[in-house]
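# Breakdown of the fold
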Amino acid sequence: MQITDVRVRKIAKEGKMKAIVSITIDDEFVVHDIKVIEGEKGLFIAMPSKKASDGEYRDIAHPITSATRDSIQKIILDSYEKAMLEPDEPGI
């Protein structure tokens, strides 16, 4: 599995959520709405989720292994850091 594209949408307003990210896997499969969150121990990613009938949030898509999660998180956070160095586009 290769992440072949990462698209970062920076969040301008103050808060813990810093960006929304979409990743493309093997140029064939896209996962939207991965969140970059500022936590107590630094940045981390939150996979797309929805609220269940019991009020709990459940991931819609997520990696099966910790190694895969770590790999995806590293690629996303590296892309986020690069995006932070780029000037914002007008109107965003």
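The paragraphs below set out a description of the structure included in this document. Predicted model only: the values in this text are computed from it and were never measured.

### Remarks on the pattern of salt bridges
What the rule picks out here adds up to four salt bridges. Residues Asp5 and Arg7 are paired through a salt bridge, measuring 2.7 Å at the closest nitrogen-oxygen approach. Taking relative accessible area as the criterion, Arg7 reaches 57% and is therefore assigned exposed. The closest approach of N and O atoms between Arg58 and Asp54, which form a salt bridge, is 2.8 Å. Exposure remark for Asp54: the relative accessible area of 48% places this residue in the partly exposed category.

### Some points on the sheet that holds strand 4 (residues 42-46)
The strand order across the open sheet formed by four strands is 1-2-3-4, and the pairing between neighbours is antiparallel. Each edge of the sheet is formed by a strand with only one pairing partner; in this case those strands are strand 1 (3-10) and strand 4. Pairwise comparison of adjacent strand axes, ignoring direction, gives a mean angle of 25° for this sheet. Two elements, strand 2 (residues 17-25) and strand 3 (residues 29-39), share seven bridges in a ladder whose sense is antiparallel. Each bridged residue has a counterpart across the sheet, and for Ile20 the counterpart in strand 3 is Lys35.

### Some details on the side chain of Ser22
The topology assignment puts Ser22 in strand 2. Note on Ser22: relative accessible area 12%, which makes it buried. A polar atom in the side chain of Ser22 sits 2.8 Å from the side chain of His32. In this structure Ser22 touches Asp5, Val6, Arg7, Val30, Val31, His32 and Asp33, once residues within four positions along its chain are discounted.

### As for the pairing of strand 3
Side chains on a regular strand alternate between the two faces of the sheet. What sits between the antiparallel neighbours strand 2 and strand 3 is a turn of three residues, in which Asp26 has the positive phi angle 55°. Where strand 3 lies against strand 4, five bridges are found, and the strand directions are antiparallel. Note that in strand 4 the partner of Gly39 across the bridge is Gly42. In sequence, strand 3 turns back onto strand 4 through a hairpin of two residues.

Thresholds, definitions, all that
Residues numbered from 1 in each chain as written. Predicted model: local features only at pLDDT ≥ 70, side-chain atom pairs only at ≥ 80, totals over all residues. Heavy atoms only, no water. Salt bridge = Lys/Arg side-chain N within 4 Å of Asp/Glu carboxyl O. Buried < 20%, exposed > 50% of the residue type's maximum accessible area, 1.4 Å probe, protein only. Pairing = 2+ DSSP bridges. Helix = DSSP H or I, 4+ residues; strand = E, 2+ residues; numbered from the N terminus. Axes fitted to C-alpha atoms, helices over the stretch in contact; angles between N-to-C directions. Polar contact = N/O pair within 3.5 Å; in protein donor to acceptor, adjacent residues only side chain to side chain. Contact = heavy atoms within 4.5 Å.

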